[in-house]
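Structural features, examined
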Amino acid sequence: MTCTDAVALGKHVNTPGISDSAFAVFDERGTVAAWTPAAESLVGYTAGDVVGLPAVLVLPSFGEAPSMSAFVKQCRARNGWPGTAAVSHRDGRVIEVCLRITMLQGQDGATRWLATLTDTGALPGDAMSGSAWGPLLARAPIGVVIRDQQLRCVFVNEVMEEHDGVPCDRRLGRRFVDVLAGPKAGALEAVMRQVLKSGTTKVHEYRTWLPVSKGRKHPFAASFHCLQGADGTSLGVCVISADVVESRLARERLAAVGEASARLGSTLDVMQTSQELADLAVPLLADYVAVDLEQSVPFSEGPAARVDPAGRRFPVLRRAGLASIHHGVPESAWVRGEPVPVPPRSPFAAVLSTGRSHLEPILDTAPGIWIDDDPTLAARIRRNGVHSLMVVPIRARRALLGVALFIRTEDPEPFQEVDLLLAEELVARAAVALDNARQYAREHTAALTLQRNLLPRRLKGGTAVETASRYLPADMDHGVGGDWFDVIPLSGARVALVVGDVVGHGLHAAATMGTLRAAVRTLADMELPPAELLARLDDTVQRLVEEDADPTDQTPAVVGATCLYAVYDPATRVCTMARAGHPPPAIVDDEGRVTFPELPTGAPLGIGLGDPFEEVELELPEGSLVALYTDGLIESRDGDIEDGMYRLGAALAEPGRSLEELCTRATASFPAQAPSDDVTLLLVRTRSLNAAQVASWTLPADESAVRRARQLAAGQLDAWSLGGLEHSVRLIVSELVTNAVRHGAGPIGLRLIQHQVLTCEVFDAEHCAPRMRGARNMDENGRGLFLVGQLSRRWGSRSAADGKVVWAELDLASARAGTGRHGNHRAAKSADA
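Presented here is an overview of the structure given in this document. Bear in mind that the values here come from a model prediction, so they are computed numbers and not experimental data.

Turning our attention to the overall build of the chain. Helices and strands together make up the secondary structure of the chain, namely 24 helices and 31 strands. When contacts within the chain are restricted to residue pairs at least 6 apart in sequence, those whose partners lie at least 24 apart make up 65%.

Take a negative patch on the surface next. A cluster of acidic residues, E158, E161, E162 and D169, forms a negative patch on the protein surface. Relative to the helices and strands, E161 is located in helix 5 (residues 159-164). Look at E161 and you get partly exposed, because its relative accessible area is 37%.

Next up on the list: empty space enclosed by the protein. A water-sized probe, rolled over the atoms, reveals where empty space remains. By the definition in use, this model includes eight cavities of 30 Å³ or more. Estimated volume of the largest cavity: approximately 190 Å³. Together, 20 residues line the largest cavity, and R319, W334, F348, L377 and L405 are the ones closest to its centre. Residue assignment for the lining of the largest cavity shows that the elements contributing at least two residues are strand 11 (288-294), strand 12 (317-324), helix 13 (375-383) and strand 16 (399-408).

Our next topic: the pairing of strand 21 (residues 574-580). Most of strand 21 sits out of view: six of its seven residues are buried. Judged from the seven bridges that link them, strand 20 (residues 561-569) and strand 21 form a sheet pairing that is antiparallel. Within strand 21, the residue paired with C563 across the bridge is A580. As consecutive antiparallel partners, strand 20 and strand 21 are separated by four residues, and within that stretch R573 has a phi angle of approximately 60°, a positive value. Summarising the sheet, strand 21 and strand 24 (residues 615-619) pair through five bridges and their orientation is antiparallel. Bridging across to strand 24, V574 finds its partner in E619.

Pairing within the open sheet is antiparallel, and its five strands lie in the order 17-26-25-22-23. Looking along the sheet, the strands with just one partner apiece sit at the ends: strand 17 (465-472) and strand 23 (594-595). Examined bridge by bridge, strand 25 (residues 625-629) and strand 26 (residues 679-686) share five bridges and lie antiparallel to one another. Bridge assignment links V626 to a residue of strand 26, and that residue is V684. Contacts between helix 18 (residues 641-652) and the sheet are confined to strand 22 (586-588), strand 23, strand 25 and strand 26, with strand 25 contributing the most and set at about 145° to the helix. Lying over the sheet, helix 19 (residues 659-667) contacts strand 17, strand 25 and strand 26, oriented at roughly 30° with respect to strand 17.

Turning to the environment of R458, a few remarks are in order. Residue position: R458 is located in the loop between helix 15 (446-454) and strand 17. Distance in space between the C-alpha atoms of R458 and D486 is 9.4 Å, their sequence separation being 28 residues.

Between helix 20 (residues 704-719) and helix 21 (residues 726-743), the least distance of the axes is 9 Å, while the angle of their chain directions is 150°. Viewed along their axes, helix 20 and helix 21 adopt a mutual orientation that is roughly antiparallel. Handedness of the helix 20/helix 21 crossing: right-handed. On helix 21, the residues touching A705, V706, A709, R710, A713, A714 and L717 of helix 20 are E726, V729, R730, V733, S734, V737, T738 and V741. Residue composition of the contact of helix 20 with helix 21, by class: ten nonpolar, two polar and three charged.

Scanning the model with the defined rule gives two aromatic pairs in all. Note on F62 and F71: the rings are 5.1 Å apart at their centroids and 50° apart in plane angle, and the pair reads as tilted. The two residues F62 and F71 agree in class, both being buried. With a centroid separation of 6.3 Å and 80° between ring planes, the pair formed by F348 and W370 is classed as edge-to-face. Of the two residues, F348 is situated in helix 12 (residues 347-354) and W370 in the loop between strand 14 (358-360) and helix 13; the sequence distance between them amounts to 22 residues. As far as the burial class goes, F348 and W370 line up, both buried.

In this section: helix 10 (residues 270-281). Over its twelve residues, helix 10 extends 17 Å from the first C-alpha to the last, a length consistent with the 16 Å expected when each residue adds 1.5 Å. By the criterion of burial, helix 10 is predominantly enclosed, with nine of the twelve residues buried. The complete set of buried residues in helix 10 reads V270, T273, S274, Q275, E276, L277, A278, L280 and A281. Its side-chain oxygen placed 3.1 Å from the backbone nitrogen of M271, D269 serves as the N-cap of helix 10.

Further remarks concern the environment of A692. Its location among the elements puts A692 in the loop between strand 26 and strand 27 (694-699). A692 gets classed as exposed once you look at its relative accessible area, which sits at 53%. When the C-alpha positions of A692 and W720 are compared, they lie 8.8 Å apart, and in sequence the two are 28 residues distant.

Moving on to the pattern of salt bridges. One side chain can pair with another of opposite charge once the charged atoms of both are near each other. One pass over the full model with this rule turns up 30 salt bridges. The residue R793 makes a salt bridge to D811 at a minimum N-O spacing of 3.0 Å. With R793 in the loop between helix 22 (784-791) and strand 30 (794-800) and D811 in strand 31 (residues 803-811), the pair connects residues that are 18 residues apart, well separated along the chain. Relative accessible area serves as the criterion here: at 42%, R793 is assigned to the partly exposed category. The exposure class of D811 is partly exposed, given its relative accessible area of 36%. A salt bridge links R794 to E809; its shortest N-O distance comes to 3.0 Å. Placement of R794 in strand 30 and of E809 in strand 31 is noted, with a sequence separation of 15 residues between them. A single salt-bridge network, built from bridges that share partners, covers R793, R794, E809 and D811.

About the criteria used
Residues numbered from 1 in each chain as written. Predicted model: local features only at pLDDT ≥ 70, side-chain atom pairs only at ≥ 80, totals over all residues. Heavy atoms only, no water. Helix = DSSP H or I, 4+ residues; strand = E, 2+ residues; numbered from the N terminus. Contact = heavy atoms within 4.5 Å. Patch = residues over 30% accessible without salt bridge, like charges linked within 9 Å, V, L, I, M, F, W, Y side chains within 5 Å. Areas by Shrake-Rupley, 256 points an atom, 1.4 Å probe, with all protein chains shown as cover. Salt bridge = Lys/Arg side-chain N within 4 Å of Asp/Glu carboxyl O. Lys, Arg positive; Asp, Glu negative; His and termini not counted. Charge placed at Lys NZ, Arg CZ, Asp CG, Glu CD. Buried < 20%, exposed > 50% of the residue type's maximum accessible area, 1.4 Å probe, protein only. 1 Å grid on protein atoms, 1.4 Å probe; cavity = no way out; pocket = protein on both sides within 12 Å on 5 of 7 lines; lining within 4 Å. Points joined across faces, edges and corners; volume = space filled by probe spheres on them. Pairing = 2+ DSSP bridges. Axes fitted to C-alpha atoms, helices over the stretch in contact; angles between N-to-C directions. Parallel < 35°, antiparallel > 145°, perpendicular 65-115°, else oblique. Left-handed = near helix turned anticlockwise from the far one by under 90°. Nonpolar A, V, L, I, M, F, W, Y, C, P; charged D, E, K, R; others polar. Phe/Tyr/Trp six-rings, centres within 6.5 Å; stacked < 30°, edge-to-face > 60°. Expected span 1.5 Å × (residues − 1). Polar contact = N/O pair within 3.5 Å; in protein donor to acceptor, adjacent residues only side chain to side chain.

Next comes the structure, spelled out in structure tokens:
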């Protein structure tokens, strides 16, 4: 084979992606094998800095990949690769580049990898074409040959054979003039020697016409790059060839797509934007385009779908945009707004499962393929001559908004990779506009979203209670109130139950609700009794009212809130409650008898009356049902509160039902008209700790109590088969009882509770809470609580009727490990010395 018109010597060809790129060679282990001056210009590292070192030095994404093959596989698994990647500059900067990695074959099965890096900031064109041009180059086929100092071919990729027709086995080990005869081959070698000798950063490009496999002449651009070793000397030359015509056509089409896409997003209507996308793509890219959106996008029915890699379920799609070169769009079986089914074997299912585009250049329409899963669709595909298709996901901010279908019927050319890239770029621009429109369309539900995010997503009742809840906003479309509820785990297996209602509706009330819920959680962590907690919360609401009382602020001030706060102790089955202007709870026993206990009402929060709140203790049988709710559940426009409480009691008077069933019955019991207030219901079914889970003792207030406490605790742990915690518990009990003897008063109580964790509690008659302090190096005391904190998962104190309780919790998993939190056996043993 001869080389005809092999090279137009001296004629510089400005082909983006060749002249603007840097190259580096890696071996299979991911070690830099050769470097180029262009790579040094891009990242600042010289050949001596990087050759022989791991790829992760310049490619942070290489990470812990065991080989270059594995790294390339990881890259291809990521959506959108080849494409942009981050590389590390010598000065510490991170540069975004278009990365392409090409495998090269050598003799005896040897492999090398050529990395092509193009600075995205140096790519030509506008913002859109610049972002697409790099991936476009990364997907376009390029020929690569690496020659040694004697210009013998040592590595080559498969594409090169398509460019000049020389098979790989014929090329390896030979010079260029040995495989392609003619004077132009010698001219090419002269250029290679010049590059090899100069070793400069200059890239030499020449327009070539190399015979392709089809036997016709075709213009290519060839570039020659000097490869340097660790000592900076020339190892060989790398020859890159690219198709000039395909590159130019791709740029022209990309420019057209960029110009057209600038017209997308003229409105904030998702349906209109979808139609604009379809109209722009026909006939620019396809003969027929359909845009299907996940139903939450046009109808604001919830958050956008996430990609389900397992393909277990597909989002519901609705047709939003249609365009065709044929009148009446005969290719589509569905009109805009109709739901579109997703055949499980179809490309649509694959795109929805993987989040990656699908290209089918030649569509197989033979009987038995996926199109026959939907006879209506199959008939239209065959009748209209559909022969090539692309399916592109519409994604924004990692959310799946829908899919776009591109089809060719009249255009005989099948879709190629370059068409897919252009379609992806057009869809990406549309996705931004669709996302903006979606966000705007959902602003009227922002208050509801905020409300739901502020409410607990999962209630944790621990061993104390079983829980279920309902929240029904009064205005599903335009506003919400300030209702909230919560279940807060406390020390000693206890649990706090909260329900509250901020006056007003909308974002302001919801934001205030979030503030109060956070305040209640903070106060609950302080182990405050219900009446004191409500008093502190009342101060918080009053401050909020004062801050809102700005005469220049047009937002109506929230003037108050109601709240019911209860603490249930499964060890004693005692529930302590207090309320601030809130409806009383409903309590249902195991026989279905309903009572509304008479609790002191208390003033609503934020009113500023200054009256103290009062709490009441109720002993509840195990399995009691407690309902906490807001007034929206019992109030109606035509009835009074007593009628509502009666309806609620009747709905709950079936204790044999599950809590979820009772929630549904209770919320369905109010009148059929739309509620004028939010409806909130929190149901709990109480549990109790059996006697075997709790051990308690009374100790004298003298030094003998310390040793006795250690012995009692150790014996109980042995009885519970928790010997792995013995050392830590001995030390914790020793420190807490010692503090009670030295700083407390009256008899000392010790209690161990085995539930989800192991709780150690020490009671004394002193009300002053302990605090951890920093001990200096020479201090003999002051480290006890520090050790307690180190050996426990958490610790704290709370007020009791006649003093205080200091407690510490340990993970039961530590018992199996044979150590406490930090395994401080030596310290624990020293406590018994």
